[in-house]
Amino acid sequence: MASSNRYRALQWNTGSGGLPANETTFARLLQQQGYTTGLIDFFPARWSCLEGSLCDPMIHPLRAGACYGKGICRCFGEGVIHRDPPLLFDLSRDPSEAKPLSADTEPLFDIVIRMIGRAIEEHCRTLTSVPEQLSLSNVVWKQWLQPCCGTFPFCLCAVTFLITPSLVWVTMYLIYTSGNCDVYQGKQRSCLNIWLILCLFPITCVSDPSKPNFLLILADDLGIGDVGCYGNDTIRTPNIDDLAKDGVRLTQHIAAAAVCTPSRAAFLTGRYPIRSGMASSTRQRIIFWNGCSGGLPPNETTFARMLHQQGYSTALVGKWHMGVNCRSRHDHCHHPLNHGFDYFYGMPFSLLNECQGSDDPQLAKSLQDTYWLYTQMIVLAMLTLLFGKLTNLFPVKWKIIICLAICGLLYFLSWFSSYGFTKYWNCILMRNHDITEQPMNLEKTTSNMLKEAVSFIERNKHRPFLLFFSLLHVHTPLITTEKFQGRSRHGPYGDNVEEMDWMVGTLLDAVDKEGLKNTTFIYFASDHGGSLEARRGNTQLGGWNGIYKGGKGMGGWEGGIRVPGIVRWPGVLPAGTVINEPTSLMDIFPTVVHLAGGEVPQDRTVDGRSLLPLLRGTAQHSGHEFMFHYCGVFLHAVRWYQKDSGTIWKVHYASPVFQPEASGACFGRGICPCFGDGVSHHDPPLLFDLSQDPSEENPLSADTEPLFDTVTRRIREAVEEHRKTLTPVPQQLSPYNNIWKPWLQPCCGTFPFCWCDKENNKADSVV
């Protein structure tokens, strides 16, 4: 960053010189330690002295210790005087450097000069050859590097232009100097070289339509039958219903998984969760701890990252549930800010009954037996190997015994932590990288989330933004403010749904208030179907999935994966439209990337298809022919859309065993499994014609359906082709990655004494 020419500072935004990317700044080091870093800077008013008073010779008289004739003093050449012997000053007595010393006036003159000369030689030996960032080729203006808000060279934003002449001739001058192009006293001096480019652009009309804003709202555990516009006439959802009335309603909108973590990973990346390692081969199909090492891999590309690259301000408010750390408590490798979001306020985990201090623990009961069993098995194996080692019965390395001991200790700590510590480990609130509440204060969570979302919209109304509002509603324990308690006809769950609808209405009002209604693409959906097993006594705490069989946790049945999907963009998308074509939550990725002016990554398989042709009515059929329905890493069902006939076939290779048998859910297990004795395998597979039997009540057979063999064979071929596109990736939900690790536990305070409350009712503070 030091120059060998007269250009000692960057001259253009479009110069290719700059601070090398391999240099380490204090900001980078502090980010690695978990700090939130920011730069607030301003540029001086002076770029030239044509009219600026900063170069006025009357204000700064000549001969006042400056280089007014040159604009700035030089480092070499005719503007520099070389001293031999050098000038010597004693700064401790002469800090103004007014009286140079000499050999006659300073007895130590020769000794000092000689020692400084040696120091210079030693310093020069430490210098290595590096590319010169301020070379002439790097500081010259390059039009292909020019940052531009608009279409180059018409770089202007926050202003709408209407050019009425039918033809405009634009002349652009670019001056390149390799000699002295300094400016002073309002006059331009001669230049050694001038590069003059005359660009003629015939333009009939110039317009720079602003990029649309994006408000993506994702509910948690909401059933498709819980919303009025999808057939519910007992729970009041007027705001969501109005959204559908003014926009497009998708009736066959499919989640990529029937539980939170993998479904959200697919939503953000546009890829089946098995491609990113976010599908599980164990019974633990979601992230179970903030202090585990699993999570959305840093090399996955989210729509937030793509929009950030397009100049969008991006934010996530609400639930994350895709991991936090990898190797240390502060690396935040899975954190939303490491996946393209500029701002995060919410839960890195998910709501649990433990967050409310309930007597009915939600996480613990599903983990305690498993953790204790693994602890006993590992300890028994370790003791056996230790006995063999000490008695020389069989050779075994100490490394193996130590590894088993560590694993056993981790499982024991996880088992121990599940008794009462879950609230402190998992129920935390974060603002960017900082923990603001540990544990969370659920009474003010709803209002704080809304304030943050509305504040973000207000702060970014003059620039394109993406706001992903990831609702904590309507997941148990159903945190509902007093205003909405007891209002619905469906108990605590209905109250929570109606409060969620009010929250959606508040966000819509904020968009309308800022005059952004016609420039904002709004999307509403749920991450998967409602939970049938969520009960407290005879009170249903989960959602209703309408006419569709199954629910949350069931990777194949429609009730677990078919969700509400609503899109509104006034003036662009036709209001009141209903689309019955198969679509996916993964389709949001290519849709928003395309609308933002980006391109879908070509270095990986993207399973989503842009919704724009369907939404705008330029296409009659979905971009999906086959859709694969996984339960963890296990393929349970496949959907085939036979476009020429309009038939939607679906085969089931495996399905959960209901407990009790005719209950339609797994009440005995809490949630249906993906493999093992809780699953029935079907050979030949169950076949349904969803276009005639959307409830999947009447499976077809070779006797009742002439096309049975043809359909099942074609789907089997599609499965084989699909599996060829899968590549091995690290399993983020493996037992090791999904176990609690004390050194990864986010902690506000000194571990293990993790407690704080920094909110103080100021959730709308400016970041």
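Residues numbered from 1 in each chain as written. Predicted model: local features only at pLDDT ≥ 70, side-chain atom pairs only at ≥ 80, totals over all residues. Heavy atoms only, no water.

Caption draft 1: View of the packing of aromatic side chains. On inspection of all chains with the given rule, the structure shows 20 aromatic pairs. An angle of 35 degrees between the planes, with centres 6.4 Å apart, marks the rings of W740 and F751 as tilted. You can see W740 sitting in the loop between helix 16 (708-724) and strand 21 (749-750) and its partner F751 sitting in the loop between strand 21 and strand 22 (753-754), a full 11 residues away along the chain. Since its relative accessible area comes to 27%, F751 is described here as partly exposed. One aromatic cluster is present, formed by F267, F303, W320, F341, F468 and Y523 through successive ring pairs. Stacked on the ring of Y343, the Lys or Arg R459 has its end atom at 5.5 Å from the ring centre. In this arrangement the basic side chain of K549 is found over the ring face of W557, its NZ or CZ atom lying 4.4 Å from the centre. (Phe/Tyr/Trp six-rings, centres within 6.5 Å; stacked < 30°, edge-to-face > 60°. Helix = DSSP H or I, 4+ residues; strand = E, 2+ residues; numbered from the N terminus. Buried < 20%, exposed > 50% of the residue type's maximum accessible area, 1.4 Å probe, protein only. Lys NZ or Arg CZ within 6 Å of the ring centre and 35° of its normal.)

Caption draft 2: Seen up close, the pattern of salt bridges. For the coordinates displayed, the defined rule picks out 21 salt bridges. With a shortest N-O distance of 3.9 Å, R93 and D90 are connected by a salt bridge. With relative accessibility at 75%, the residue R93 sits in the exposed group. The exposure class of D90 is partly exposed, given its relative accessible area of 27%. Between R669 and D677 there is a salt bridge, with its nearest N and O atoms 3.2 Å apart. What makes R669 partly exposed here is its relative accessible area of 35%. Salt bridges sharing common partners tie together E558, R562, R639, K650 and E696. (Salt bridge = Lys/Arg side-chain N within 4 Å of Asp/Glu carboxyl O.)

Caption draft 3: Highlighting the state of the cysteines. Counting across every chain of the model gives 6 disulfides. Each disulfide pairs two cysteine sulfurs, and for C355 the partner residue is C427, the sulfurs being separated by 2.0 Å. In this structure the cystine formed by C355 and C427 twists about its S-S bond by roughly -80 degrees; its chirality is therefore left-handed. Pair noted here: C355 is in the loop between strand 8 (343-347) and helix 8 (364-391) and C427 is in the loop between helix 10 (422-426) and strand 9 (429-431), with a separation of 72 residues, a long-range link. A relative accessible area of 4% means that C355 is categorised as buried. Covalently, C666 is tied to C672 through a disulfide, its sulfur atoms 1.9 Å apart. (Disulfide = S-S within 2.5 Å.)

Caption draft 4: Molecular detail of the packing of helix 4 (residues 238-245) against helix 12 (residues 491-513). Here helix 4 crosses helix 12 at 55 degrees, and the two axes come no closer than 7 Å. Looking at the two axes, helix 4 sits oblique to helix 12. Listed contacts from helix 12 to P238, N239, I240 and L243 of helix 4 are M500, D501, W502, V504, G505 and L508. For the contact of helix 4 with helix 12, a count of residues per class yields 7 nonpolar, 2 polar and 1 charged. (Axes fitted to C-alpha atoms, helices over the stretch in contact; angles between N-to-C directions. Parallel < 35°, antiparallel > 145°, perpendicular 65-115°, else oblique. Contact = heavy atoms within 4.5 Å. Nonpolar A, V, L, I, M, F, W, Y, C, P; charged D, E, K, R; others polar.)

Caption draft 5: Region of the structure containing empty space enclosed by the protein. Under the criterion given, the structure shown has 3 cavities of 30 Å³ or more. In this model, the largest cavity occupies a volume close to 70 Å³. Residue lining of the largest cavity: 13 residues in total, with A257, V259, P262, C631 and G632 positioned closest to the centre. Its volume calculated, the second largest cavity comes out at about 60 Å³. The wall of the second largest cavity is formed by G318, T445, T446, M449, F469, S470, L471, L472, H473, I479 and M503. At the level of secondary structure, the elements contributing two or more residues to the lining of the second largest cavity comprise helix 11 (445-459) and strand 11 (465-470). Here the lining of the second largest cavity gets 3 residues from one element, more than from any other, and that element is helix 11. In the lining of the second largest cavity, the residues fall into 6 nonpolar, 5 polar and no charged. (1 Å grid on protein atoms, 1.4 Å probe; cavity = no way out; pocket = protein on both sides within 12 Å on 5 of 7 lines; lining within 4 Å. Points joined across faces, edges and corners; volume = space filled by probe spheres on them.)

Caption draft 6: Quick look at the packing of helix 11 against helix 12. With their axes 9 Å apart at the nearest point, helix 11 and helix 12 run at an angle of 20 degrees to one another. As the angle between them shows, helix 11 and helix 12 are arranged roughly parallel. The element helix 11 and its partner helix 12 pack so that their crossing is right-handed. Across the interface between the two elements, T446, L450, A453, V454, I457 and E458 of helix 11 pack against E499, W502, M503, T506, L507, A510, V511 and K513 of helix 12. (Left-handed = near helix turned anticlockwise from the far one by under 90°.)

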